[in-house]
Amino acid sequence: MPKNPPKIELSWRDENYGSVYAVAAFRNYAGTLDWSERTHQRFRGCLKRAGFEFHYGRCSYIANRGEGIERKRALCDELARAGFEIVRGDVRAEIEGGAAA
């Protein structure tokens, strides 16, 4: 029986104020409390490979290097490869459609 993929919502934010400069930032609220430790590890690996780190002062995951849309795309690609279902905030369709390019 196939397992349901872990679901994630990416709430993209503007975190360019005060002492924080980010090319891309998001908060994640959806359904992570019931993830297993292994799923959390997979998620953290995706974040690291895409260049994101958690910023405790902003309570957001932030990438502060590169281009914003590239970092967003990289994270969505990493999450998809790791088997996550992005239920909100997947920028890949926008990029391919030309809206975010």
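Residues numbered from 1 in each chain as written. Predicted model: local features only at pLDDT ≥ 70, side-chain atom pairs only at ≥ 80, totals over all residues. Heavy atoms only, no water.

A. Molecular detail of the overall build of the protein. The helix and strand tally for the protein stands at three helices and six strands. When the helices and strands of the protein are placed in sequence order, the string is β-β-β-α-β-β-α-β-α. Within the protein, the fraction of its 101 residues that count as buried is 37%. A fraction of 58% describes how many contacts in the protein between residues 6 or more apart in sequence connect residues 24 or more apart. Looking at the protein as shown, the accessible area adds up to about 6400 Å², and 48% of this sits on carbon and sulfur atoms. (Helix = DSSP H or I, 4+ residues; strand = E, 2+ residues; numbered from the N terminus. Buried < 20%, exposed > 50% of the residue type's maximum accessible area, 1.4 Å probe, protein only. Contact = heavy atoms within 4.5 Å. Areas by Shrake-Rupley, 256 points an atom, 1.4 Å probe, with all protein chains shown as cover.)

B. Region of the structure containing the sheet that holds strand S3 (residues 24-27). In space, the four strands of this open sheet follow the order S2-S3-S5-S4, with antiparallel pairing throughout. The open sheet has two edge strands, strand S2 (11-13) and strand S4 (53-55), and neither has a second partner. Along the sheet, successive strands turn relative to each other by an average axial angle of 35°, direction set aside. Each of S2, S3 and strand S5 (60-63) is contacted by helix H2 (residues 68-81), which is oriented at about 45° to S3, the strand it contacts most. (Pairing = 2+ DSSP bridges. Axes fitted to C-alpha atoms, helices over the stretch in contact; angles between N-to-C directions.)

Remember, this is a structural readout, not a statement about activity or role.
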